[in-house]
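Commentary on secondary and tertiary structure
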Amino acid sequence: MQVIQKLTVVSNPTRVFEVGTEVNRREVIEIKQVGDDHISEFWVIDENEQIIASVENCPVIVEWQNIAEHDQTENDPRERVISGAKI
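Here we summarise the structure given alongside this text.

About the cut-offs
Residues numbered from 1 in each chain as written. Predicted model: local features only at pLDDT ≥ 70, side-chain atom pairs only at ≥ 80, totals over all residues. Heavy atoms only, no water. Pairing = 2+ DSSP bridges. Helix = DSSP H or I, 4+ residues; strand = E, 2+ residues; numbered from the N terminus. Buried < 20%, exposed > 50% of the residue type's maximum accessible area, 1.4 Å probe, protein only. Contact = heavy atoms within 4.5 Å. Axes fitted to C-alpha atoms, helices over the stretch in contact; angles between N-to-C directions.

Description of the sheet that holds strand β5 (residues 41-46)
Here we have four strands laid out as an open sheet, ordered β3-β4-β5-β6, and antiparallel in their pairing. Edge positions in the sheet fall to β3 (22-23) and β6 (51-56), since each of these pairs with one other strand and no more.

Below, the structure written as structure tokens:
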């Protein structure tokens, strides 16, 4: 799964939003792409799920990060395998 780690808005001045940093004393916890085919929009979201900034129809550089997804069957007793078991 990929998530947006960093969003650079190419403008004058250039603005950079990165997960884990602070903007106006609010921590950036997520950057979402919310536009559609006709509009490009990104939301920068804080720890209270409030929008810090909304970026629309601007040239941006998006840096993605791959994150591991938890295996849904890892702790499922129906899928448990006992290593070295002899039958």
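Regarding the side chain of T8
Note that T8 resides in strand β1 (residues 2-9). Using a relative accessible area of 13% as the deciding quantity, one classes T8 as buried. Excluding residues that lie within four positions of it along the chain, T8 makes contacts with T14, R15, V16, P59, V60 and I61.

Here's the deal with the sheet that holds strand β2 (residues 15-18)
Ordered in space as β2-β1-β7, the three strands form an open sheet in which the pairing is antiparallel. Each having just a single partner strand, β2 and β7 (60-66) make up the two edges of the open sheet. Taking each pair of neighbouring strands and ignoring which way they run, the sheet shows an average axis angle of 20°. Bridge analysis of β1 against β2 gives four bridges, and the strand direction is antiparallel. What sits directly across from V9, in β2, is R15.

Observations regarding unusual backbone geometry
The linkage connecting N12 with the following residue, P13, adopts the cis geometry, with an omega of 5°. One can find P13 in the loop between β1 and β2. The phi dihedral of N24 is positive, around 50°, even though this residue is not glycine. Here N24 is to be found in the loop between β3 and β4 (26-33). We note that E49 has phi near 60°; this positive angle belongs to a residue other than glycine.

Some words on the pairing of β5
For a regular strand, side chains alternate in direction, first toward one face of the sheet and then toward the other. Burial analysis of β5 places five of its six residues in the buried class, which makes it a mostly covered element. Here five bridges tie β5 to β6, and the two strands are oriented antiparallel to one another. Bridge pairing links W43 to S54 in β6. Taking the residues between adjacent antiparallel strands as the criterion, β5 and β6 are bridged by four residues, where E49 takes a positive phi near 60°.

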